[in-house]
Amino acid sequence: MKRLLLLNGPNLNRLGKREPSIYGTTTLEDVHAEIKQLTAAYGWELDTFQSNHEGELIDCLQDAEGTYQGIVFNPGAYTHTSIAIRDAISGIDVPVIEVHISNIHQREAFRHHSMLASVCYGQVVGLGTTGYRLATLAFLEENKKG
Ligand code: CA2
């Protein structure tokens, strides 16, 4: 059975609980439940993981090889700073789609650049938590035949 990993970085455990004007009111648990339903409808398994720690995210990316057909990843603020996460993504042969709930290009200048985008398969930005659905669908639809 095909497997997808939904990975979230620092502070995203607070989703839906703080700053609703930027990130909305949907919680991370809501997102997990919604994506679980979507992947199940296509006959895929879903695993989810959230961490506030860079090294744990890197361990998770390294361990993903051989298990997952795709990773939907919101790296949080590490997007803008982490060469180590970039190296981890480029060092695995599992495609990663980078997701941002907010439109990082409309926000502070330090959020405009992603260290990760150029080693990711794709990117979804600024579409709220719907972005997780859209990234997931990209994998589910792309892998339909294979
Ligand atoms: O828009 C996104 O998804 C971000 O990845 C979210 C990160 C931010 O540093 C990136 O620039 C863009 C921050 C996640 C913080 O999430 C919270 C959610 C609710 C309450 C507090 C923090």
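Quantities reported herein were computed from a predicted structural model and do not represent experimental measurements.

Rules used in this analysis
- Along each chain, numbering runs from 1 in the same order as the chain's sequence is written.
- Owing to the predicted nature of the model, reporting of local features is limited to residues with pLDDT of at least 70; listing and counting of side-chain atom pairs is limited to 80 or more, with chain, interface and lining totals taken over all residues.
- Only heavy atoms go into the side-chain values, all of them from the structure, while hydrogens and water stay out.
- When we say a residue is near a molecule or strand, we mean one of its heavy atoms is within 4 Å of it.
- Distance and chemistry together define a polar contact, namely a pair of N or O atoms within 3.5 Å, with one atom able to donate a hydrogen and the other to accept it when in protein, and with adjacent residues in sequence counting only for side-chain atoms on both sides.
- Note that accessible areas follow from Shrake-Rupley with a 1.4 Å probe, and for residues the cover is restricted to the protein chains shown.
- In this analysis, strands are considered paired if DSSP registers two or more bridges between them.
- Think of it this way: any DSSP run of H or I at least four residues long counts as a helix, any run of E at least two long counts as a strand, and we number them from the N terminus.
- Axis geometry follows a simple rule: fit a line to the C-alpha atoms, using only the stretch in contact for helices, then measure angles between N-to-C directions, giving values from 0 to 180 degrees.
- By definition, residues are in contact when any of their heavy atoms lie within 4.5 Å.
- Take the residue count of a helix, subtract one, and multiply by 1.5 Å to get its expected span.
- Each residue gets one of three labels from its accessible area relative to the maximum for its type: buried under 20%, exposed over 50%, partly exposed in between, using a 1.4 Å probe on protein chains only.
- Working note: the arc is built from the helix axis to C-beta atom directions.
- A side-chain nitrogen of Lys or Arg and a carboxyl oxygen of Asp or Glu constitute a salt bridge if their distance falls within 4 Å.
- Assignment of crossover handedness uses the view with strands pointing away from the viewer, where a clockwise path from the first strand over the helix to the second indicates a right-handed crossover.

## Some details on the site of the ligand
Link 1 in the chain: Surrounding the ligand, one finds 17 residues, the nearest of these being N74, H80, I101, S102 and R111.
Link 2 in the chain: Here an oxygen atom of the ligand and a backbone polar atom of A77 are 3.4 Å apart.
Link 3 in the chain: At 2.8 Å, a backbone N or O of I101 approaches an oxygen atom of the ligand.
Link 4 in the chain: Protein burial of the ligand: of its 510 Å² of free accessible surface, 94% is covered by the chains.

## Description of the sheet that holds strand β2 (residues 45–50)
Link 1 in the chain: Read across the open sheet, the 5 strands follow the order β2-β1-β3-β4-β5; overall the sheet is parallel. Of all the strands in the sheet, the pair left with one neighbour each is β2 and β5 (122–125). On average, adjacent strands in this sheet sit at an angle of 15° to one another, irrespective of strand direction.
Link 2 in the chain: Pairing analysis gives 5 bridges linking strand β1 (residues 3–8) to strand β3 (residues 70–74), with the strands arranged parallel. From the neighbouring strand, L4 faces β3, where its bridge partner is G70.
Link 3 in the chain: Its contacts with the sheet place helix α2 (residues 28–41) against β1 and β2, and it is angled at close to 165° to β1.

## Some words on α2
Count 3.6 residues to each turn of an α-helix, and residues three or four apart come out pointing the same way.
Link 1 in the chain: The end-to-end C-alpha separation of α2 is 20 Å, in line with the 20 Å expected for 14 residues at 1.5 Å each.
Link 2 in the chain: Every buried residue of α2 is listed here: L28, V31, H32, I35, L38 and T39. Axial view of α2: buried residues confined to an arc of 130°, hence all on one face. Along α2, exposed side chains directed more than 90 degrees from the buried face belong to Q37 and A41.
Link 3 in the chain: Of the residues flanking the end of α2, it is G43, one or two places downstream, whose phi is positive at about 80°.

## Some details on the pattern of salt bridges
Link 1 in the chain: Per the stated rule, a full pass over the model turns up 5 salt bridges.
Link 2 in the chain: Taking the shortest distance from any N to any O, the salt bridge between D47 and R3 comes out at 3.0 Å. Separated by 44 residues along the polypeptide, D47 in strand β2 and R3 in strand β1 bring together distant segments of the chain.
Link 3 in the chain: With relative accessibility at 25%, the residue R3 sits in the partly exposed group.
Link 4 in the chain: With its nearest N and O atoms 3.9 Å apart, the salt bridge here joins E108 to R107.
Link 5 in the chain: Relative accessible area serves as the criterion here: at 35%, E108 is assigned to the partly exposed category.
Link 6 in the chain: Members of the salt-bridge network, linked through shared partners, are R107, E108 and R111.

## Some thoughts on the side chain of E98
Link 1 in the chain: Note on placement: E98 falls in strand β4 (residues 96–100).
Link 2 in the chain: Of note is the side chain of E98, whose polar atom sits 3.2 Å from the backbone nitrogen of A117.
Link 3 in the chain: Beyond its immediate chain neighbours, meaning those up to four positions away, E98 contacts F73, P75, T79, S114, L116, A117, C120, G122, Q123 and V124.

## Section: the pairing of β4
Link 1 in the chain: Burial analysis of β4 places 5 of its 5 residues in the buried class, the great majority of the element.
Link 2 in the chain: Every second residue of β4 is oriented toward a common face, with V96, E98 and H100 on one face and I97 and V99 on the other, all of them buried.
Link 3 in the chain: With 3 bridges connecting them, β3 and β4 associate as parallel partners. The partner of I71 across the bridge, within β4, is V96.
Link 4 in the chain: Read from β3 through helix α4 (residues 83–90) to β4, the crossover connection turns out right-handed.
Link 5 in the chain: Bridge analysis of β4 against β5 gives 4 bridges, and the strand direction is parallel. Residue pairing for β5: E98 is matched across the bridge by Q123.

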